Amino acid sequence: MRVVLVAAVALVDQDGRVLLARRPLHKQMGGLWEFPGGKVEAGERPEAALIRELKEELGIDVAESCLAPLTFASHAYDDFHLLMPLYVCRRWQGQAKGLEGQELAWVRPLKLRDYQMPPADVPLIPYLIDLL
């Protein structure tokens, strides 16, 4: 089974809310809510992938020094195994916008379970509740 490395981030605003993005309906697991991020390309570090993805998807600039590793998900889907480090970021430049048409929601940590998420994302929620 192939392993897919995806980096994700919990962007936390000044009110302690976490940003979730809704996957486009035409994509795999479309309509589910997830932490922003994306695939780590060959030869790319997870932090660099996040900086790139956040610029492309949300139009925000993040400094690597503002990405703090929190935990990771390891989940077997039917056709691949996902390994996903989760970072926390509290500082960035710009205002997050869904540049690829994705819906965004700022969510209080205790309300994250109210949003239907991919199976790999769900076990990450308690870490954010404990942190925030």
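A short tour of the structure in this document, coming up.

Quick notes on the rules
Residues numbered from 1 in each chain as written. Predicted model: local features only at pLDDT ≥ 70, side-chain atom pairs only at ≥ 80, totals over all residues. Heavy atoms only, no water. Patch = residues over 30% accessible without salt bridge, like charges linked within 9 Å, V, L, I, M, F, W, Y side chains within 5 Å. Areas by Shrake-Rupley, 256 points an atom, 1.4 Å probe, with all protein chains shown as cover. Salt bridge = Lys/Arg side-chain N within 4 Å of Asp/Glu carboxyl O. Helix = DSSP H or I, 4+ residues; strand = E, 2+ residues; numbered from the N terminus. Pairing = 2+ DSSP bridges. Buried < 20%, exposed > 50% of the residue type's maximum accessible area, 1.4 Å probe, protein only.

### Concerning a nonpolar patch on the surface
- A contiguous nonpolar surface patch, about 360 Å² in accessible area, is contributed by Val 3, Leu 5, Phe 72 and Leu 83.
- In this structure, Phe 72 sits in strand β5 (residues 68-76).

### Comments concerning the pairing of β5
- As paired elements, β5 and strand β6 (residues 81-89) share eight bridges and run antiparallel to each other. Bridging across to β6, Ala 76 finds its partner in His 81.
- Between the antiparallel neighbours β5 and β6 lie four residues.

### Re the pattern of salt bridges
- Counted under the stated rule, the structure contains nine salt bridges.
- A salt bridge links Arg 22 to Glu 103, with the shortest nitrogen-to-oxygen separation between them at 3.5 Å. Taken together, the residues span a long stretch of sequence, with Arg 22 in strand β2 (residues 18-22) and Glu 103 in the loop between β6 and β7 (104-107) at a distance of 81 residues.
- By relative accessible area, which is 34% here, Arg 22 ends up partly exposed.
- Each of the salt bridges in this network shares a partner with another, and the network as a whole consists of Glu 44, Arg 52, Glu 53 and Glu 56.

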